[in-house]
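In case you want the letters, here they are:
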Amino acid sequence: MRSLYQLAMLIGCGLLVMQSALALPWDDLTAEQLDTTLQQKFTDGNYSPKGADSCLMCHKKNEQVMDLFKGTHGKVISDASPMAGLQCEACHGPQGNHNRGGKEPMIAFGAKSKLPVSSQNSVCEGCHNDAQQMSWHNSTHNLEEVACVDCHKIHAAKDPVMDKLTVNDTCVSCHTSQKGDMNKRSSHPLKWNSMTCVDCHSAHGSMSENALVNPTVNDTCYGCHAEKRGPFLWEHAPVTENCVTCHNPHGSVNESLVKQRAPQLCQQCHANDGHASRVVAESGIDAFGGGKSCLNCHSQIHGSNHPSGSLLQR
């Protein structure tokens, strides 16, 4: 309990009004107490007989709340929509005595919610448990406790991550390093939204490395770059092993998304042998330091089908 002097000081600072406006009856509950209370409410199953009508008596003036009815989750004509079933309580839990003095909490989502991310996500997983989410539990997003609502907007006419023109903005809000690569001089057309992050990656996890939608890096690249698939009579080992040995798929300061310019790129594997792998001692001494460097001669670097193309020259 605060003393009268402390209350007077709060009023003088204008803080009491702010606290009384923002404070809720369950704000003092710890995360564990809140989780336990909500689980008990589910056990009791005291749902409102009026459904959303009970909720809207207080919440209808909130534009964000009403925006739910503009999107998929607010459609009553769809059997898969929460509005066709328990309505608001399908996601926010049984009303119980929440509307009777507001002393019982409801499930809240987002960064300001005290509810653990796993508990928040379990509500979504109650409906979204199809094959696309089968790898969610071992995904990086789940292991790092990313909530579904950190990416998805439910109370909206259109979910940004479901729109090809806005999904990249959602991804790069966290993946800032990749955002920097996307804006380098050589990159995939991600910054123009001609290509999306989810073309290659599955945000809900996958059975492959880096949450790729295809089994391997190369299979993912071959989806667009089919001409590099082969098979070739003369193959280049790093090409068949992993495309990212030489390329940075998110972007590079070098042409064709390569990590380094030739001959330095080639010298990562080709040791100094006095030929093309040699750093040019003086400018203009030979062709290896000019134009396309090693590629002046070895132009078929991804593989050759020419009978005399063992050196990837034809």
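Residues numbered from 1 in each chain as written. Predicted model: local features only at pLDDT ≥ 70, side-chain atom pairs only at ≥ 80, totals over all residues. Heavy atoms only, no water.

Points about the environment of Thr-220
Note the cut-off: By definition, any uninterrupted DSSP run of H or I lasting at least four residues is a helix, any uninterrupted run of E lasting at least two residues is a strand, and each is numbered from the N terminus. Burial classes follow relative accessibility: with a 1.4 Å probe on protein chains only, a residue under 20% of its type's maximum area counts as buried, one over 50% as exposed, and anything between as partly exposed. Polar contacts, as used here, are pairs of N or O atoms within 3.5 Å; protein pairs need one atom able to donate a hydrogen and one able to accept it. Residues neighboring in sequence count only if both atoms are side-chain atoms.
Considering the arrangement of structural elements, one finds Thr-220 in helix α12 (residues 217-222). Under the relative-accessibility criterion, Thr-220 is labelled buried at 11%. Sequence-wise, Thr-220 and His-201 are 19 residues apart; in three dimensions their C-alpha atoms are separated by 9.1 Å. Only 2.9 Å separates the side chain of Thr-220 from the backbone oxygen of Thr-216, close enough to count as a polar contact.

Section: helix α4 (residues 52-59)
The test is simple: In what follows, residue pairs with any heavy atoms lying within 4.5 Å of each other are defined as contacts.
Residues of α4 that are buried: Ala-52, Ser-54, Cys-55 and Leu-56. Those residues of α4 that are buried are in contact with α5 (63-66) and α6 (88-92).

Some details on the environment of Gly-96
By the secondary structure assignment, Gly-96 is in the loop between α6 and α7 (117-125). Note on Gly-96: relative accessible area 14%, which makes it buried. Distance from Gly-96 to Asp-44, taken between C-alpha atoms, is 8.4 Å for residues 52 residues apart in sequence. In contact with Gly-96, other than residues within four places in its own chain, are Lys-41, Asn-46 and Glu-104.

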